[in-house]
Amino acid sequence: MSWHLSSWYLLLVLLVGLERVAELVVARRNARWSMARGGVLSGQGHYPWMVALHTGLLAGCLFEAGLADRPFVPALGWPMLVLVVAAQGLRWWCITALGPQWNTQVIVVPGLPLVERGPYRLRWLRHPNYVAVAVEGAALPLVHTAWVTALVFTVLNAALMVVRIRCEEDALASLATAPATGAAGAAPPQDVPPPTAPPEDLPPSDVPPSSGRAPA
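Below you will find a few notes about this structure. Note that the structure is predicted; figures quoted are calculated from it, not measured. (Residues numbered from 1 in each chain as written. Predicted model: local features only at pLDDT ≥ 70, side-chain atom pairs only at ≥ 80, totals over all residues. Heavy atoms only, no water.)

## Some remarks on the pattern of salt bridges
Right, so step 1: Summed over all chains, the structure comprises eight salt bridges.
Right, so step 2: Two residues, Glu-136 and Arg-20, come together in a salt bridge whose shortest N-O distance is 2.3 Å. Here Arg-20 lies in helix H1 (residues 7-36) and Glu-136 lies in helix H4 (residues 128-142), a separation of 116 residues in the sequence. Grouping residues by exposure puts Glu-136 and Arg-20 together as buried.
Right, so step 3: For Glu-136, the salt bridge is made with Arg-91, and the minimal N-O distance between the two is 3.2 Å. Note that Glu-136 is positioned in helix H4 and Arg-91 in helix H3 (residues 74-98), a separation of 45 residues in sequence.
Right, so step 4: Look at Glu-136 and you get buried, because its relative accessible area is 1%.
Right, so step 5: Through salt bridges with shared partners, one network takes in Glu-19, Arg-20, Glu-23, Arg-91 and Glu-136. (Salt bridge = Lys/Arg side-chain N within 4 Å of Asp/Glu carboxyl O. Helix = DSSP H or I, 4+ residues; strand = E, 2+ residues; numbered from the N terminus. Buried < 20%, exposed > 50% of the residue type's maximum accessible area, 1.4 Å probe, protein only.)

Pasting the structure below:
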């Protein structure tokens with residue numbers, strides 16, 4: 001079986017791979033920021049499958065297009081390339097809008113409000129980042145008519161997104177009902193009433209030193 005792959009398509013896939021590395025760098029920095037503020041990590045069971053799926057997408061694009069000799073069809077390839085670029089723009093719009101709260105993992109910091117800027121202003125589009133993932137996962141293989149990779153990724157990603165979105169919604173719901181915590185995870189201090197003044201009819205020596213707490 002011979003290998004036939006356009007050099008520019010190889011470059012495109014490698015650039016997408018470099019973009020993934022940039023995401024991981026940003027995600028690790030944001031994770032440190034979140035955990036330092038009492039962030040709660042969820043969904044560790046499905047995260048390795050996400051990494052494997054996205055790695056498989058890039059490998060599938062190269063191997064199917066190269067080994068199966070998938071041609072570049074301009075009527076399909078150019079629109080798909082536009083969608084790939086648009087998906088990258090949407091993804092980084094999401095990353096910029098969420099700031100340090102964005103991550104590839106599910107990390108929620110108690111007490112922080114939901115972000116409502118950038119694409120998250122659109123109430124009808126609850127998960128714009130996952131729209132970018134779905135569009136890119138289908139369009140990148142189809143740039144070079146690697147339709148098997150596009151189909152397999154789309155099906156597996158849809159199943160994984162059901163788990164991922166449920167995990168995120170559960171994490172947000174649980175923190176919405178929990179008391180806000182500080183950076184060390186401790187509950188905020190309660191107001192302490194001032195000590196009660198000693199009765200006037202008793203000599204000062206008969207009154208114990210105040211402990212600063214209200215009587216039981």
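## Digging into the nonpolar core
Right, so step 1: If you look at the biggest cluster of nonpolar residues, it comprises 23 residues, and the most contacted ones within it are Tyr-9, Leu-12, Val-13, Cys-61, Leu-140 and Val-143.
Right, so step 2: Mapped onto this core, the elements with two or more residues apiece are H1, helix H2 (47-67), H3, H4 and helix H5 (147-176).
Right, so step 3: With seven residues, H2 is the largest single contributor of residues to this core.
Right, so step 4: If near-sequence neighbours (up to four positions away) are discounted, Leu-12 is found in contact with Leu-81, Leu-140 and Val-143.
Right, so step 5: Within the second largest apolar cluster, twelve residues are counted, among which are Leu-90, Ile-95, Ala-97 and Tyr-120. (Core = buried A, V, L, I, M, F, W, Y, C linked by side-chain atoms within 4.5 Å. Contact = heavy atoms within 4.5 Å.)

## Notes on the environment of Asn-157
Right, so step 1: Relative to the assigned elements, Asn-157 resides in helix H5.
Right, so step 2: Residue class for Asn-157 comes out buried when judged on its relative accessible area of 4%.
Right, so step 3: Between the C-alpha atom of Asn-157 and that of His-54, which follows or precedes it by 103 residues, the distance is 9.1 Å.
Right, so step 4: Not counting residues up to four positions away in its chain, the partners in contact with Asn-157 are Leu-53, Val-133 and Ala-134.

## Focus: H4
Right, so step 1: For H4, built from 15 residues, the straight-helix expectation of 21 Å at 1.5 Å per residue is met to within 8% by its first-to-last C-alpha distance of 21 Å.
Right, so step 2: For H4, the complete set of buried residues consists of Pro-128, Asn-129, Tyr-130, Ala-132, Val-133, Glu-136, Gly-137, Ala-139, Leu-140 and Pro-141. (Expected span 1.5 Å × (residues − 1).)

## Focus: the packing of H1 against H3
Between two packed helices, both the angle of their axes relative to each other and the distance between the axes serve to describe the pair.
Right, so step 1: Where H1 meets H3, the axes come as close as 13 Å, and the angle between the chain directions of the two elements is 10°. The angle between H1 and H3 falls in the class roughly parallel. Along its contact with H1, which presents Leu-12, Val-16, Glu-19, Arg-20, Ala-22, Glu-23 and Val-26, the element H3 presents Leu-81, Gln-88, Arg-91, Trp-92 and Ile-95.
Right, so step 2: Its residues assigned to classes, the contact of H1 with H3 comprises seven nonpolar, one polar and four charged. (Axes fitted to C-alpha atoms, helices over the stretch in contact; angles between N-to-C directions. Parallel < 35°, antiparallel > 145°, perpendicular 65-115°, else oblique. Nonpolar A, V, L, I, M, F, W, Y, C, P; charged D, E, K, R; others polar.)

## Side note on unusual backbone geometry
Right, so step 1: Positioned with a positive phi, Asp-69 is a non-glycine residue whose angle comes to about 55°.
Right, so step 2: Mapped onto the secondary structure, Asp-69 falls in the loop between H2 and H3.
Right, so step 3: Backbone geometry at Thr-145 places phi at a positive 55°, although glycine is not the residue there.
Right, so step 4: Tracing the backbone shows Thr-145 in the loop between H4 and H5.

## Quick word on the environment of Trp-8
Right, so step 1: Position of Trp-8 relative to the elements: it lies in helix H1.
Right, so step 2: Setting aside chain neighbours within four positions, we find Trp-8 in contact with Phe-72, Val-143 and His-144.

## Quick word on the packing of H1 against H2
Right, so step 1: Running from amino to carboxyl end, H1 crosses H2 at an angle of 165°, the nearest separation of the two axes being 9 Å. In terms of orientation, H1 lies roughly antiparallel with respect to H2. Seen along the crossing, H1 lies across H2 with a hand that is left-handed. Mapping the contact onto sequence places Tyr-9, Leu-10, Val-13, Val-16, Gly-17, Arg-20 and Leu-24 in H1 and Tyr-47, His-54, Leu-57, Leu-58, Cys-61, Leu-62 and Ala-65 in H2.
Right, so step 2: Of the residues in the contact of H1 with H2, the class split is eleven nonpolar, two polar and one charged. (Left-handed = near helix turned anticlockwise from the far one by under 90°.)

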